[in-house]
Amino acid sequence: MFNQILRPVARRAIQKATTNQTRSHGGGHGHGHSHVDNRITFDDACKPEGSWAENFAKQQKRYNTQLAVGVGAFVFTVAAILQGELLFFNYSYPKPKQ
């Protein structure tokens, strides 16, 4: 039980200690620490390359192929169930066996 309490506290203390060593918020009083700015800006974002229309067409081709395969698998499954009489849908009265 103490392990569950002490481990997060120790981890947080270590994180604070290492963070304070790398950043100085003293306003540049000559302590030798430089301010490290790790914020993400739009300059760090990915920049689009190439034609968006070609990329869109390529994605749509893949999506349409997946759709066609899925519809084909569904139709095949329903046809196999109906052909093999594996499932009775109750759309008509059952025929008596002779």
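Details of the structure are given in the entry above.
As a starting point, this report considers the structure included with it. Just so it is clear, the structure is predicted and the values come from calculations on it, not from any experiment.

Examining the overall build of the protein chain
Looking only at helices and strands, the protein chain features 2 helices and 0 strands. Here the protein chain holds 98 residues, and the buried ones make up 1% of them. Of the roughly 10100 Å² that the protein chain leaves accessible, carbon and sulfur atoms contribute 60%.

A short note on a nonpolar patch on the surface
On the surface, Leu67, Val71, Phe74, Val75, Val78 and Leu82 cluster together into a nonpolar patch covering about 550 Å² of accessible area. By secondary structure assignment, the location of Val78 is in helix α2 (residues 52–83).

Points about α2
Here α2 contains 32 residues, and its C-alpha end-to-end distance of 46 Å stays within 8% of the 46 Å for a straight helix at 1.5 Å per residue. Its side-chain oxygen placed 3.3 Å from the backbone nitrogen of Ala53, Ser51 serves as the N-cap of α2. Directly beyond the C-terminal end of α2, a positive phi value near 50° is found at Glu85.

Some thoughts on the environment of Ile81
Take Ile81: it is sitting in helix α2. Among the residues examined, Ile81 registers a relative accessible area of 25% and is labelled partly exposed. Excluding anything up to four places from it in sequence, Ile81 contacts Leu86 and Leu87.

Reading the values: the criteria
Residues numbered from 1 in each chain as written. Predicted model: local features only at pLDDT ≥ 70, side-chain atom pairs only at ≥ 80, totals over all residues. Heavy atoms only, no water. Helix = DSSP H or I, 4+ residues; strand = E, 2+ residues; numbered from the N terminus. Buried < 20%, exposed > 50% of the residue type's maximum accessible area, 1.4 Å probe, protein only. Areas by Shrake-Rupley, 256 points an atom, 1.4 Å probe, with all protein chains shown as cover. Patch = residues over 30% accessible without salt bridge, like charges linked within 9 Å, V, L, I, M, F, W, Y side chains within 5 Å. Salt bridge = Lys/Arg side-chain N within 4 Å of Asp/Glu carboxyl O. Expected span 1.5 Å × (residues − 1). Polar contact = N/O pair within 3.5 Å; in protein donor to acceptor, adjacent residues only side chain to side chain. Contact = heavy atoms within 4.5 Å.

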